[in-house]
Amino acid sequence: MRLRQSPHSWVLFSFGLILLGVTLLVTELGSPQFTDDNWTRFLGRLHPVVLHLPIGLFAGLCILEIIRLRDNTPGLAFAARVVLFLTAVSAVFAASFGLLLAANDDYTGSTAFWHKSLGVAFAAGTLVLLLLREENHEEHSRIRKAAYYGSLLTLSLLIGFVGHLGGSLTHGANYLTEYAPSWFAQRENLRDLSADAPTDSNDVYRNQIEPIFQQYCVSCHGPEKQKSRYRLDTFKNLLVAGSSQETPIVPGKPNESYLVELLWLPEEDDMAMPPEGKIRPSPEEILIITHWVAQGAPGPIVDEIAKQAQQREQSARIAAIDYLTQQDIVVLPMGQDLPHYYVDFLNVDTQPNDAIWTNLTTIKNQVEVLKLSTISSTADCLPRTSCFSAADPLSW
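Position numbers for residues start from 1 in each chain and track the written sequence from start to end. With the structure being a predicted model, the display of local features is reserved for residues of pLDDT at least 70 and the display and counting of side-chain atom pairs for 80 or more, all residues being used for whole-chain, interface and lining totals. With hydrogens and water stripped out, all remaining heavy atoms of the structure feed into the side-chain values.

*Asks:* What am I meant to see in the pattern of salt bridges here?
*Replies:* Oppositely charged side chains may form a pair once their charged atoms are brought near each other. The term salt bridge refers to a side-chain nitrogen of Lys or Arg lying within 4 Å of a carboxyl oxygen of Asp or Glu. Evaluated as defined, the whole model comprises four salt bridges. Arg-68 serves as the salt-bridge partner of Glu-65, at 2.9 Å between the closest nitrogen and oxygen. One end of the pair, Glu-65, and the other, Arg-68, are both in helix α5 (residues 52–68), three residues apart, so they sit about a helical turn from each other. Residues Asp-233 and Arg-231 are paired through a salt bridge, measuring 2.6 Å at the closest nitrogen-oxygen approach. Several salt bridges converge on common partners, so that one network encompasses Asp-203, Arg-206 and Glu-210. Each helix corresponds to a stretch of at least 4 residues labelled H or I by DSSP, and each strand to a stretch of at least 2 residues labelled E; elements are numbered beginning at the N terminus.

*Asks:* What is the right way to read the environment of Gly-98 from this model?
*Replies:* One can find Gly-98 in helix α6 (residues 74–105). Taking C-alpha positions, Gly-98 is 8.7 Å from Leu-43, a pair spaced 55 residues apart along the chain.

*Asks:* Explain a negative patch on the surface to me, please; I cannot follow it from the model alone.
*Replies:* Excluding any residue in a salt bridge, patches collect residues exceeding 30% relative accessible area, merging like charges within 9 Å and nonpolar Val, Leu, Ile, Met, Phe, Trp and Tyr side chains within 5 Å. Calculation of accessible area relied on Shrake-Rupley with a 1.4 Å probe; when residues are assessed, cover is drawn exclusively from the protein chains displayed. All tallies of charge rest on Lys and Arg as positive and Asp and Glu as negative; His and the ends of each chain are not included. Working definition for charges: the position is that of NZ of Lys, CZ of Arg, CG of Asp or CD of Glu. Taken together, Glu-267, Glu-268, Asp-269, Asp-270 and Glu-276 make up a surface patch of like negative charges. Note that Glu-268 resides in the loop between α12 (258–264) and α13 (283–294). Looking at Glu-268, the relative accessible area reads 59%, which means it is exposed. Exposure is judged per residue with a 1.4 Å probe applied to protein chains only, and the accessible area is read against the type maximum: over 50% gives exposed, under 20% gives buried, and values in between give partly exposed.

*Asks:* Help me out: how do you make sense of a nonpolar patch on the surface in this one?
*Replies:* A cluster of nonpolar side chains, Phe-78, Val-82, Phe-85 and Leu-86, forms an exposed patch at the surface whose accessible area comes to about 360 Å². Tracing the sequence through the fold places Leu-86 in helix α6. Given the relative accessible area of 41%, Leu-86 is considered partly exposed.

*Asks:* Is there a simple way to think about the side chain of Asp-233 in this case?
*Replies:* Position of Asp-233 relative to the elements: it lies in the loop between α10 (204–216) and α11 (235–238). In protein, a polar contact requires one atom able to donate a hydrogen and another able to accept it; more generally it is a pair of N or O atoms within 3.5 Å, and residues adjacent in sequence count only if both atoms are side-chain atoms. Side-chain polar atoms of Asp-233 contact the side chain of Arg-231, separated by 2.6 Å. Side-chain polar atoms of Asp-233 contact the side chain of Asn-237, separated by 3.3 Å. Should any heavy atoms of two residues lie within 4.5 Å, those residues are counted as being in contact. Excluding residues that lie within four positions of it along the chain, Asp-233 makes contacts with Glu-210, Gln-214, Val-218, His-221, Gly-222 and Pro-223.

*Asks:* I would appreciate a short explanation of the sheet that holds strand β3 (residues 367–371) in the present structure.
*Replies:* Within a beta sheet, neighbouring strands are joined by backbone hydrogen bonds and run either parallel or antiparallel to one another. Taking strand neighbours across the sheet as the criterion, the three strands line up as β1-β2-β3 in an open arrangement whose pairing is mixed. Two strands in the sheet have a free side with no partner beyond their single neighbour: β1 (330–333) and β3. For this sheet, the mean angle separating the axes of adjacent strands, direction not counted, is 15°. In this scheme, strands are said to pair when DSSP sees at least two bridges between them. Lines fitted to the C-alpha atoms define the axes, with helices restricted to the stretch that makes contact. Angles between their N-to-C directions range from 0 to 180 degrees.

*Asks:* How should I be thinking about unusual backbone geometry in this particular structure?
*Replies:* What you tend to see is this: most non-glycine residues have negative phi, and most peptide bonds are trans. In this structure, Pro-274 follows Met-273 across a cis peptide bond, with omega equal to -10°. The topology assignment puts Pro-274 in the loop between α12 and α13. With a phi angle near 65°, Gln-245 is a residue other than glycine that sits in the positive phi range. Inspection of the secondary structure puts Gln-245 in the loop between α11 and α12. Look at Gln-245 and you get exposed, because its relative accessible area is 63%.

This is the structure we're talking about:
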């Protein structure tokens, strides 16, 4: 008997692939004006509403197929076919809405990438399932039947992983493992180790402000997800305005700081941050942030110390190069905007003094080529500083 394939399966397969393909192209390659339209935002925000439907339907399909392995009655076969059809339809629309949501709400990072990619793969996989399933299950060829159940098992594993990634985007990367046993929650252990890093007791930002933002804000305004194109995961990002173009922090002026204004709004207000339904900072914690802004919103002390040390190092390097060039020593950069130099004693006809070696030592990590060809007793000069250790005195 010839196997029969319903034309509806091919129609849905073609429609689903076209819809996924067009949406993917528009969101990845389309103009920002298109993805920023209100109607695409509206459809994108239907993603959290629709995504549970294919999950439930797919679970029901797996249960029906397990039962059908022992009791393949016509009623069960028909029910499985209907459930698979609905699963494919809902999965395609959930994936399409998810692509629009990602384009409008600025999801970035590896978690968002894999959630989006594997979500589209799951939707496409349900369409393939539809083609693999024949109207009469008993008439399946062995290869087609094995491919069907193999795909069903693969999608069962895939949907769990996609769901975990989606939960991480919504609630934070450690949402699943936050209260897990210590032997399981390896991610938490890594976080605890970083929390034990020494900090200055006077560092208000790291000791008081950053922990509040990490607890209440970073899940929606961090490296993986930036609602309103605004991030609070680092001090530098904290000061950069989001899509509202309002200045988030005005040092010394909490009344003019947009972030402080949103934090003090009542929970039922549409502009309140965090939004209704999310755990909010206590009034005392918001007061701490307000007082910090009023005091000038100082950044992390560790960063300031490192920045000052870097500036001192750069100033010392510039001064050393200036001195060497004044002594007729050729110092040339190896490339544009690269801190590597070519140093040549071509114009030096006398024995270099200690000041020259001292300044040369200052830039030793940036010297790619050092030529001492015009110096008569090169070997006597090399021991003056430990930075000259190359066997060949003509290049170091």
